[in-house]
Amino acid sequence: MKKTLILAVLVGFSTIYGFSQDTKYGVRAGLNISNMDFDPDATFVNKHRNGFMIGFFGEFGLSKSVLFSPELQFSSEGGKDEAIRLDYLQVPLYLKFRLSEKFHLGVGPQVGVKIHEYEDGIRNFAYSGVGGLEFKISHQLFVDARYTVGLSNVLDDDQVIEAKNSNIQFGFGFKF
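Residues numbered from 1 in each chain as written. Predicted model: local features only at pLDDT ≥ 70, side-chain atom pairs only at ≥ 80, totals over all residues. Heavy atoms only, no water.

Draft legend 1. View of the packing of aromatic side chains. What the rule picks out here adds up to five aromatic pairs. On the basis of an interplanar angle of 75° and a centroid distance of 5.8 Å, the ring pair of F57 and F142 is categorised as edge-to-face. Taken together, the residues span a long stretch of sequence, with F57 in strand β2 (residues 49-61) and F142 in strand β7 (residues 141-150) at a distance of 85 residues. Taken individually, F57 and F142 each receive the classification buried, so the pair is uniform in this respect. (Phe/Tyr/Trp six-rings, centres within 6.5 Å; stacked < 30°, edge-to-face > 60°. Helix = DSSP H or I, 4+ residues; strand = E, 2+ residues; numbered from the N terminus. Buried < 20%, exposed > 50% of the residue type's maximum accessible area, 1.4 Å probe, protein only.)

Written out as structure tokens, the structure is:
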């Protein structure tokens, strides 16, 4: 499954590269502040988890004011309790809209593949929506803030409750 996902991302990069007006690649890393929202409420103390994320991205100009920026990133999410700590390999498909020379607004869907344990009561895939704001420090350096909201239940169907991830990311990046 992981090989298929990576192959799909590479094919997508090469297809978009042929159509794009302006292409850049880069790396991005930062801090995650994440938690899980339970329905009904959790019967234990549910504290947020501080973690990190790191990844690679492509940035393809679709027009002067719209960019497509798919990514491949590692992200540590979930809650502070050991049973709900989740690590994902994620693929955000991010559209960026130029607000000014320095600011971009971004939105898009994201799919994540859990990468640590299997058959632990937590689903192997998670689906989310992402929104954020990027500030360009220079042509190569930027900082950004993103909010990710879980769209799917991350717990297996046999669980009595449902849980969705929510995550705030503070990142910095470098474009080649």
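Draft legend 2. Inspection of the pattern of salt bridges at higher detail. A full pass over the atoms with the stated rule returns twelve salt bridges. The partner of D87 in a salt bridge is R49, and the shortest N-O contact between them spans 3.4 Å. Of the two residues, D87 is situated in strand β4 (residues 85-98) and R49 in strand β2; the sequence distance between them amounts to 38 residues. Residue classification places R49 among the buried positions, given a relative accessible area of 11%. One salt bridge connects K96 with E134, and the closest N-O pair in it is separated by 2.7 Å. With a gap of 38 residues between them, K96 in strand β4 and E134 in strand β6 (residues 125-136) connect regions that are remote in the sequence. Each of R28, E71, D144 and R146 takes part in a single network of salt bridges with overlapping partners. (Salt bridge = Lys/Arg side-chain N within 4 Å of Asp/Glu carboxyl O.)

Draft legend 3. Broad picture of the nonpolar core. Counting ten residues, the largest nonpolar core is built from M36, F38, I84, L86, Y88, I122, A126, V154, L155 and A163. Of all the secondary-structure elements, those providing two or more residues to this core are β1 (23-39) and β4. (Core = buried A, V, L, I, M, F, W, Y, C linked by side-chain atoms within 4.5 Å.)

Draft legend 4. Just the sheet that holds β1, in detail. As summarised here, the arrangement of the eight strands in space is β1-β2-β3-β4-β5-β6-β7-β8, forming a closed barrel in which the pairing is antiparallel. Strand after strand, the sheet turns through a mean of 25° between neighbouring axes, direction not considered. Bridging between β1 and strand β8 (residues 162-175) involves 14 bridges; their strand directions are antiparallel. Among the inter-strand pairings, S34 is bridged to a residue of β8, identified as N167. (Pairing = 2+ DSSP bridges. Axes fitted to C-alpha atoms, helices over the stretch in contact; angles between N-to-C directions.)

Draft legend 5. Fine view of the pairing of β7. Of the two faces of β7, the one holding F142, D144, R146, T148 and G150 is buried and the one holding L141, V143, A145, Y147 and V149 is not buried anywhere. Taking the residues that link successive antiparallel strands as the turn, the β6-β7 hairpin has four residues. As defined by bridge partners, β7 adjoins β8 across nine bridges and the pair is classed as antiparallel. For Y147, the partnering residue across the bridge sits in β8 and is I168.

Draft legend 6. Highlighting unusual backbone geometry. In this structure, the amide linkage connecting D39 to the following residue, P40, adopts the cis form with an omega of -5°. Mapped onto the secondary structure, P40 falls in the loop between β1 and β2.

Draft legend 7. Summary view of the pairing of β1. Pairing of β1 with β2, which is carried by twelve bridges, proceeds in the antiparallel orientation. Bridging from a neighbouring strand, G26 pairs with F57 of β2.

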